[in-house]
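Take a look at the letters that make up each chain.
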Amino acid sequence: MSEIEVLADQSDVGQKGTVVRSHVIKKILKNPMGLIAVGILTLVVLLAILANVLAPFDPNFANIGKTLANPDSTNLLGTDSVGRDVWSRLVFGARTTLLSALLCAAVAVGIGLPAGLIAGYYAGKFDGVANWVVNILMALPGIIVLLTVRAAFGPSVWISMVAFGILLSPGYFRLTRTAVQSVRNELYVDAARVAGLSDASIIARHIFSVVRAPIIIQTAIVCGVAISIQSGLEFLGLGDPTVATWGVMLSEGFKNVYLNPTLLLWPALAIGLTIGALVLLGNAVRDALEDAEKIKPAKRGSVAALNSRTAPGRTQNEAVAAGTEHHLVKVSHLGVGYPQADGSVKKVVDDVSFHVDRGEVLGIVGESGSGKSQTAFSILGLLPEAARIVGGSIQFDGKYTVAPTDDSVSQSRLSEFRGKRISYIPQEPMSNLDPAFTIGHQLVTPMVRVLKISKSEAKKRALKLLDDVGIRFPEKTFNAYPHEVSGGMAQRVLIAGAISCEPDLIIADEPTTALDVTVQADVLDLIRDLQKSLNVGVILVTHNFGVVADLCDRVAVMQDGRMVEEGDVREILRNPQDPYTQKLLGSMLEGKEPMTMLVSAGASAGGADNEKEAGL
Amino acid sequence: MVTFILRKLAAGVVVLAAISFLTYFLLYFSSANIARNILGEFASQEQVAAKEIELGLDQALLPRFFAWAGHALTGDLGTSWFTSEPVARALMTRLPVTLTVVIVSIIFIAIIATALGMAAAVKRGWIDKAVQSAAVIGDAIPSFVMAIILVTVFAIQLKLFPATSSISPDSGSAAWIASLALPVLAIVINGVTSAAQQIRSAVIKQLEKDYVRTLRSRGISEREILFKHVLRSAAPAGLTVLSLQFIGMLGGVVIIEQIFALPGMGALAVQSTTMGDIPLVMGVVLYTVVIVIIVNLLVDLINGWLNPKVRVS
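For clarity, every value in this text was computed on a predicted model and none was experimentally measured.

(A) Representation of the overall build of chain B within the structure. Scanning chain B from N- to C-terminus turns up 13 helices and zero strands. Along the chain direction, N to C, the helices and strands of chain B fall in the order α-α-α-α-α-α-α-α-α-α-α-α-α. Of all intrachain contacts in chain B linking residues separated by at least 6 positions in sequence, the fraction that spans at least 24 positions is 74%. In the structure as shown, chain B presents an accessible area of about 14000 Å², 68% of it carried by carbon and sulfur atoms. Taking the 22 positively charged and 17 negatively charged side chains of chain B as two groups, their mean positions are separated by 18 Å.

(B) Local environment of the sheet that holds strand 2 (residues 345-356) of chain A. All names here are of chain A. Strand order in the open sheet formed by four strands is 2-1-4-5, with antiparallel pairing between adjacent strands. The open sheet terminates on both sides in strands that have one partner only, identified here as strand 2 and strand 5 (399-402). Ignoring which end each strand starts from, the neighbouring axes of this sheet average 20° apart. The pairing of strand 1 (residues 329-339) with strand 4 (residues 388-396) spans seven bridges and is antiparallel. The partner of Ser332 across the bridge, within strand 4, is Ser393.

(C) Expanded view of the pairing of strand 7 (residues 505-509) of chain A. Residues and elements named next belong to chain A. For strand 7, the buried fraction is high: five of the five residues fall into the buried class. On strand 7, burial covers both faces: Leu505, Ile507 and Asp509 on one face and Ile506 and Ala508 on the other are all buried. Summarising the sheet, strand 6 (residues 422-425) and strand 7 pair through four bridges and their orientation is parallel. Paired with Tyr424 across the bridge in strand 7 is Ile507. Relative to strand 8 (residues 537-542), strand 7 runs parallel, the two sharing five bridges.

(D) Layout of the UniProt feature "transmembrane region" (unreviewed entry) in chain A. UniProt feature "transmembrane region" (unreviewed entry): in the numbering of this structure it lies at residues 35-55, 98-122, 129-151, 157-175, 215-233 and 264-285 of chain A. Between the first and last C-alpha atoms of residues 129-151 of chain A the distance is 28 Å; the span itself is 87% helix and 0% strand.

(E) Region of the structure containing helix 4 (residues 61-73) of chain B. Residue and element names in this part refer to chain B. Between its first and last C-alpha atoms helix 4 spans 18 Å; for 13 residues at 1.5 Å apiece the expected length is 18 Å, and the two agree. Where helix 4 is concerned, the buried positions are Leu61, Arg64, Phe65, Trp68, Ala69 and Ala72. For helix 4, the angular spread of the buried residues around the axis is 125°, confining them to a single face. Facing away from the buried side of helix 4 by more than 90 degrees, the exposed set consists of Phe66 and Leu73. The inward-facing, buried residues of helix 4 abut helix 1 (2-28) and helix 12 (278-306).

(F) Spotlight on the packing of aromatic side chains. All names here are of chain B. For the structure on display, the rule yields eleven aromatic pairs over all chains. Here the aromatic rings of Tyr24 and Trp68 are separated by 6.0 Å at their centres, their planes lie at 40°, and the arrangement is tilted. Separated by 44 residues along the polypeptide, Tyr24 in helix 1 and Trp68 in helix 4 bring together distant segments of the chain. Like Tyr24, the residue Trp68 is buried in the burial classification. Taking the centre distance of 5.5 Å and the plane angle of 65° together, the rings of Phe65 and Phe66 count as edge-to-face. Phe66 sits in the exposed class, given a relative accessible area of 53%.

(G) Spotlight on the packing of helix 6 (residues 125-140) of chain B against helix 8 (residues 173-207) of chain B. Residue and element names in this part refer to chain B. Contact geometry for helix 6 and helix 8: axes closest at 8 Å, N-to-C directions at 135°. Judged by the inter-axis angle, helix 6 sits oblique to helix 8. For helix 6 against helix 8, the interelement crossing comes out left-handed. Here Asp128, Val131, Gln132, Ala134, Ala135, Gly138 and Asp139 of helix 6 lie close against helix 8, whose contacting residues are Ile189, Asn190, Thr193, Ser194, Ala196, Gln197 and Arg200. When the residues that make up the contact of helix 6 with helix 8 are grouped by side-chain class, the tally is five nonpolar, six polar and three charged.

(H) Summary view of the interface of chain B and chain A. Tallying the contact residues gives 68 residues for chain B and 69 residues for chain A. Of the roughly 6000 Å² buried where chain B meets chain A, counting both sides, 71% is carbon and sulfur surface. If you sort the residues of chain B by the area they bury against chain A, Arg213, Arg218 and Leu244 of chain B come out on top, with a joint share of 11%. Summed over the shared surface of chain B and chain A, the number is one salt bridge. Of the charged contacts in the structure, one is a salt bridge between Glu224 of chain B and Arg449 of chain A, with a shortest N-O distance of 2.5 Å. Linking chain B with chain A are ten residue pairs in polar contact (both at pLDDT 80 or more). The leading source of residues in the side of chain B that touches chain A is helix 10 (residues 222-260) of chain B, at 18 residues. Taken together, the residues of the side of chain B that touches chain A break down into 36 nonpolar, 22 polar and ten charged.

(I) Summary view of the pairing of strand 2 of chain A. All names here are of chain A. Pairing between strand 1 and strand 2: eight bridges, direction antiparallel. The residue of strand 2 that forms the bridge with Pro339 is Val345. In sequence, strand 1 turns back onto strand 2 through a hairpin of five residues, with Gly343 there showing a positive phi of about 95°.

The rules we used
Residues numbered from 1 in each chain as written. Chains lettered and ligands numbered in written order. Predicted model: local features only at pLDDT ≥ 70, side-chain atom pairs only at ≥ 80, totals over all residues. Heavy atoms only, no water. Helix = DSSP H or I, 4+ residues; strand = E, 2+ residues; numbered from the N terminus. Contact = heavy atoms within 4.5 Å. Areas by Shrake-Rupley, 256 points an atom, 1.4 Å probe, with all protein chains shown as cover. Lys, Arg positive; Asp, Glu negative; His and termini not counted. Charge placed at Lys NZ, Arg CZ, Asp CG, Glu CD. Pairing = 2+ DSSP bridges. Axes fitted to C-alpha atoms, helices over the stretch in contact; angles between N-to-C directions. Buried < 20%, exposed > 50% of the residue type's maximum accessible area, 1.4 Å probe, protein only. UniProt positions renumbered as here; feature names shortened; annotations may be inferred. Expected span 1.5 Å × (residues − 1). Arc of directions from axis to C-beta. Phe/Tyr/Trp six-rings, centres within 6.5 Å; stacked < 30°, edge-to-face > 60°. Parallel < 35°, antiparallel > 145°, perpendicular 65-115°, else oblique. Left-handed = near helix turned anticlockwise from the far one by under 90°. Nonpolar A, V, L, I, M, F, W, Y, C, P; charged D, E, K, R; others polar. Buried area = accessible area lost by both parts, 1.4 Å probe. Salt bridge = Lys/Arg side-chain N within 4 Å of Asp/Glu carboxyl O. Polar contact = N/O pair within 3.5 Å; in protein donor to acceptor, adjacent residues only side chain to side chain.

Listed below in structure tokens is the structure:
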């Protein structure tokens, strides 16, 4: 039944691009599930190899005088309905079963892998034909095909397994093809090509190493499926009656289920354990390749203990530090960390303090990895699930959203503000709109939910907002899907969304980084104009001092999770105190024109027009 | 939209023709002793030769295939060589049984797997671990082995369900449901966990998307994000898994039907292939492939409806 699912699995195992190394094997054996799997499979392989030694009887030797016997010293597991030794048949059955699974996998790999390599590497006509064949193969229900093959070629396990191998080859084909396609245009493959390596050696050296791991995982799954199908066919009585297999034993047991149900037990157990071990092995290989640096969310308690923040979080009515109530946002000694697998906590934000007032623009500037986005997301309460607050507090309009003892952002407290008084402009415009809904829908819904206005009212406001952010044909954009507009337009839409519920604070995370240079200036102008006219507070996260100089009143400079300097923009631009700020400024201004601030008003207006034209 | 459907249908017809020919080609090699098998060992050489001419076995592959295909195009699938029952009628009496088992199973799988997969993706923790471990067990035990276990335990030992079932119009709906319970259960147990796992990873993939964070920042509730946005975007992946399971089930149900003695297409498929009853085998293959094509078309249409990008192209 599950034979076809194997074909669906490729999305999971494909494109991992990881090379199997010896430490992977070590990791598999360290994983208890992996160890169990390897143990069971080793046992089954040993049974199969040593069948002649381990089995006291020939699998087909029938002792007519002793049928359906219970286990005794001669017949360890008893005898079946014609007096054949169950243990001997089980052991020889392991041999047939394993060999047929291997044959099936070998055929599938033998066809799928080379075809996938060629189709992925050369594309073209072969790719088209191969895909067509694959679609046909995938539309075939396995057992029906195998029944037909049996009708044509007679009851042979081996022929069925060759046929089934062909049916399963699309799994390998797709896997290899996607992996190769993703690597083919990588720089190092180009480099190898330029260096004069032949196609064959590029495939062997660079591409084969990429598909090796997914192939191993797929093979474990395919072997399991082959065993299941093969036993199924034998169970139907379509196999070769002279060969002892687990499926034949199942069928024999099922016929005698009223007389001796234990006859069913052994082959069912053997099939279940072997396939289970293969599944576990596949999972263990995948985990070993995947986990490495994966962060496991540690228990709340352990992190709390680490930071001696053991007291339960207090309520939002808690008194706020005196003299700071008038700040719109106040971040005090904030620390954000990620618990690691070994129990330690990796701090990405450490002891960061700043505040923003109404009508003020604060820039947070730093390189990637400096913790600036993490800081912004803690204010929004949108940190990844694994993240923990390891120190400090955040207040919004005098109320704690992160109290001094909390280890995570309180979603219930933040939901009172988020979307209503705090809003967000993301970095990458296209990926931040849901592709399945129209732009209008994505603007209207938050207004209906937050402002509790009717849909038609919300639509009216949405059209006005689109007009406000400089979109020329609001009605057309309102009805468009995200993939139908340009990146610059999408960013305007997101800005419209950010101001739609009349927030007090806008957090903009690198709002221009993903845009074309000409569009960047327009979007910055737009943010500045809106900020002035709405008199909102803005936190602008950026790596670009040009943007800071253009837009911000104050700036906070971050490096490696710490804040190295904070103050008035002009002050810091003119006279940076910290050597890191000096370096950052130096690297930006040295030997080139300052970027955004010198773009003339005329040029930027022209840019806006072009951009709108291009979008529609 | 109409051209989209027409294109898919045209592709389906090509696939159907290719598979029909392939099957006919394979069966051609098995037809050497058919006439003798039909008439029995006491028939004379002349009788056998006359039968071969009657069945068209004296002709070459291509004329035989085109003769069959010509009749098939007019809706005539011929009669069984062994029972003389018209193939179309044999199939139409069996098909509803098979389709009932498969469709009921896939509906259960879809509902349970979606619930489990989403719960595992959102809540993580124990429910996630439970789904993952159950998936290993579901994968490890083939559906027919599960069916044998269920029959042995619930029908033979505990006598809670009928061991063999008969679905006929006059047996009443209670008996009908009782005889469906175990086969459907066996299929569902085998399929549901792996489907749940696929849906889980699809939901997690969507939850990590940027637009989900932006929706949260807009003050949209977690529930609305999950059920309206995430589920919709994860649906194509889930549908693909379910359609592949459906195709797999059309084959797997053959064995299940044998175990429960269900009068579906399975028995027909096994009988006709072991005996070499070519018209009947062709009928089974044809019907199966048509069902597969319809299912794939439906999945394509739903995906198009779910994803505006696909709809446009």
